[in-house]
Amino acid sequence: MSSVIWYLYEFARKSWAEKFANAHTEKEILEKPERFRDFPTVNREYCIGCGACTAACPAPGAIKLVRDKDTETSEGFTYPVIVKGACIRCGFCAEVCPTDPKTLECGENHTIREEFTIVPSEELYVIDDYLCIRCRKCMKACPVDAIIEEDGRVEVDQSRCIACGECLEKCPVKGALKRIHVAYVEEQKMVINLAVNTLESAIEEREEDIKRLEAGDIYRMNYPMGPLLEEALSILPDEEIVRDLLEKITDRLKMRIITWSPEKCVQCRLCVGECPSGAITYSEEGVVRDPEKCLRCSTCYQTCPFGVAGYYVARFLIDESNGQEIIKITVKPAALPVKP
């Protein structure tokens, strides 16, 4: 009973009653902090389904991509859905949305410079101008107009690219559009060196057969992909990246092969002074070539009048034979002179 009387007494106090009557919400609670924006609104008809918004969102479960059912006359829309209970109104989703007009809008954008992006990406897409035929199919396929043409060259604007891969799918020339893996750079270098050295050693083992090639002849051999792939994976345990690397190497690699026939040498020593790397020397044993120092520049081949040095070009292609992956190797005599 005494406790009830105490509460009635406290309620009746003038100071408490004034506070109760004049109570108001603190400003920080009533007003939205400047760092908050509005909840995102979705213009689903503009969405290209790239997933940039879901990748940039720092709040788990705040945004997800959904797709409507197809009808007999049209395909269903793919678009983001905002879960307000999880959204923190940071606005990153609208910031990275590449469509114009924006699929996502939530108030004023941050002043983020164009060359920086919030979307984490481990891949870049670049155009190999050596192989590009300027068909512009990649430009038409790009959903964000990130591929441009300047001074007769087709290039990827990295500040706009969302790494969706549409350009790679549409390019008709193998190797003209390349996907570059940003992560594991040192490991990728090691895999490239491994592949080049392995293929070169395989060719050098057939040196005697290659020496017998006449002008216009082609020497063909197959190298099993399995052992090379296994060794490469011990360096970089990501099969997708390793396979992509090996495919790029075989697409573009043009390997120079130098053979050496000492029995033809008459010790004229013309090649010794011309060799730019000091790979060819003369001693009591005669003229000797050091393969480790050789640059495969073909100077000795072009200098020697007796055919001691042979010069060949090898090309490569990943293929399949009897259910096994192989690297097809073709070797043919180089024309004189061969430019780098």
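Residues numbered from 1 in each chain as written. Predicted model: local features only at pLDDT ≥ 70, side-chain atom pairs only at ≥ 80, totals over all residues. Heavy atoms only, no water.

Participant: Just checking my understanding: could you explain the nonpolar core for this structure?
Facilitator: The tendency in soluble globular proteins is for nonpolar side chains to be buried as a group. Judged by nonpolar contacts, the single largest core of 30 residues is most densely connected at I203, L246, F316 and I329. Of all the elements in the fold, those that place two or more residues in this core are α8 (185–204), β9 (219–224), α10 (225–235), α11 (239–252), β10 (254–260), β13 (309–321) and β14 (324–333). Of the residues forming this core, the biggest block, six residues, is contributed by α8. In contact with I329, not counting residues within four places along its chain, are L199, I203, Y219, R220, M221, Y223, A314, R315 and F316. (Core = buried A, V, L, I, M, F, W, Y, C linked by side-chain atoms within 4.5 Å. Buried < 20%, exposed > 50% of the residue type's maximum accessible area, 1.4 Å probe, protein only. Helix = DSSP H or I, 4+ residues; strand = E, 2+ residues; numbered from the N terminus. Contact = heavy atoms within 4.5 Å.)

Participant: I tried to follow the packing of α10 against α11 on my own but got confused; where do I start?
Facilitator: For any two helices packed against each other, one specifies the inter-axial angle together with the distance between the axes. Where α10 contacts α11, the axes come no closer than 10 Å and their chain directions differ by 125 degrees. Regarding the angle of α10 to α11, the classification is oblique. Regarding α10 and α11, the two cross each other, and that crossing is right-handed. Contacts between α10 and α11 involve M225, L228, L229, A232 and L233 from the first element and E239, V242, R243 and L246 from the second. When its residues are assigned to classes, the contact of α10 with α11 shows seven nonpolar, no polar and two charged. (Axes fitted to C-alpha atoms, helices over the stretch in contact; angles between N-to-C directions. Parallel < 35°, antiparallel > 145°, perpendicular 65-115°, else oblique. Left-handed = near helix turned anticlockwise from the far one by under 90°. Nonpolar A, V, L, I, M, F, W, Y, C, P; charged D, E, K, R; others polar.)

Participant: Can you help me understand α11 in this one?
Facilitator: In this model, α11 (14 residues) spans 20 Å end to end at C-alpha, consistent with the 20 Å of a helix rising 1.5 Å per residue. Buried within α11 we find I241, V242, D244, L245, L246, K248, I249 and T250. Where α11 is buried, its residues meet β8 (177–181), α8, α10, β13 and β14. Where α11 begins, the side chain of D238 points an oxygen toward the backbone nitrogen of E240, at a separation of 3.2 Å. (Expected span 1.5 Å × (residues − 1). Polar contact = N/O pair within 3.5 Å; in protein donor to acceptor, adjacent residues only side chain to side chain.)

Participant: Would you mind showing me how to read the side chain of D244 here?
Facilitator: Residue position: D244 is located in helix α11. The exposure class assigned to D244 is buried, which follows from its relative accessible area of 13%. Ignoring any residue separated from it by four or fewer positions in sequence, one finds D244 in contact with R179 and H181.

Participant: Sorry, what's going on with the environment of I326 here?
Facilitator: Tracing the sequence through the fold places I326 in strand β14. I326 sits 102 residues away from P224 along the chain, and the two C-alpha atoms are 4.5 Å apart. Setting aside residues no more than four positions away along its own chain, I326 makes contact with N222, Y223, M225, L317, I318, D319, E320 and S321.

Participant: Is there a simple way to think about the sheet that holds β14 in this case?
Facilitator: Across a sheet, strands are paired by hydrogen bonds formed along the backbone, either parallel or antiparallel in direction. Taken in spatial order, the four strands line up as β9-β14-β13-β10 in an open sheet, and their pairing is antiparallel. Strands with a single pairing partner mark the edges of an open sheet, and in this sheet they are β9 and β10. Pairwise comparison of adjacent strand axes, ignoring direction, gives a mean angle of 30 degrees for this sheet. Note that β10 and β13 share seven bridges and pair antiparallel. Within β13, the residue paired with I257 across the bridge is Y312. In the packing of α11 onto the sheet, the strands contacted are β10, β13 and β14, and the crossing angle to β13 comes to about 135 degrees. (Pairing = 2+ DSSP bridges.)

Participant: Got a minute to help me understand a nonpolar patch on the surface in this structure?
Facilitator: Together, L124, I180 and V182 make up an exposed nonpolar region whose accessible area comes to about 210 Å². With respect to the element layout, I180 can be found in strand β8. (Patch = residues over 30% accessible without salt bridge, like charges linked within 9 Å, V, L, I, M, F, W, Y side chains within 5 Å. Areas by Shrake-Rupley, 256 points an atom, 1.4 Å probe, with all protein chains shown as cover. Salt bridge = Lys/Arg side-chain N within 4 Å of Asp/Glu carboxyl O.)

Participant: Would you explain the state of the cysteines in this entry?
Facilitator: Note on terminology: disulfide describes a covalent bond linking the sulfur atoms of two cysteines. Summed over all chains, the structure comprises zero disulfides. With no disulfide of its own, C53 has C50 as its nearest cysteine by sulfur position, at a separation of 6.4 Å. With no disulfide of its own, C161 has C167 as its nearest cysteine by sulfur position, at a separation of 6.3 Å. (Disulfide = S-S within 2.5 Å.)

Participant: Explain the packing of α8 against α10 to me, please; I cannot follow it from the model alone.
Facilitator: As a packed pair, α8 and α10 sit with axes 9 Å apart at the nearest point and diverge in direction by 155 degrees. Here α8 is positioned roughly antiparallel relative to α10, judged by the angle of their axes. Remark: the crossing between α8 and α10 carries right-handed chirality. Residues E187, M190, V191, L194, A195 and T198 of α8 lie in contact with α10, whose contacting residues are L228, E231, A232 and I235. For the contact of α8 with α10, the class distribution of residues is seven nonpolar, one polar and two charged.

Participant: So what exactly am I meant to see when it comes to the packing of aromatic side chains here?
Facilitator: Think of a pair of aromatic rings as described by two things: how far the centres are apart, and how the planes are tilted against each other in angle. Within this structure, the stated rule accounts for one aromatic pair. Ring geometry for Y301 and Y311: centres 5.6 Å apart, planes at 50 degrees, overall tilted. A residue pair is termed long-range when its members are at least 10 positions apart, and Y301 in helix α13 (residues 299–303) and Y311 in strand β13 qualify at 10 residues. Under the relative-accessibility criterion, Y301 is labelled partly exposed at 23%. (Phe/Tyr/Trp six-rings, centres within 6.5 Å; stacked < 30°, edge-to-face > 60°.)

Participant: How should I be thinking about the environment of G91 in this particular structure?
Facilitator: Its location among the elements puts G91 in the loop between β3 (78–82) and α5 (92–96). We classify G91 as buried; its relative accessible area is 3%.

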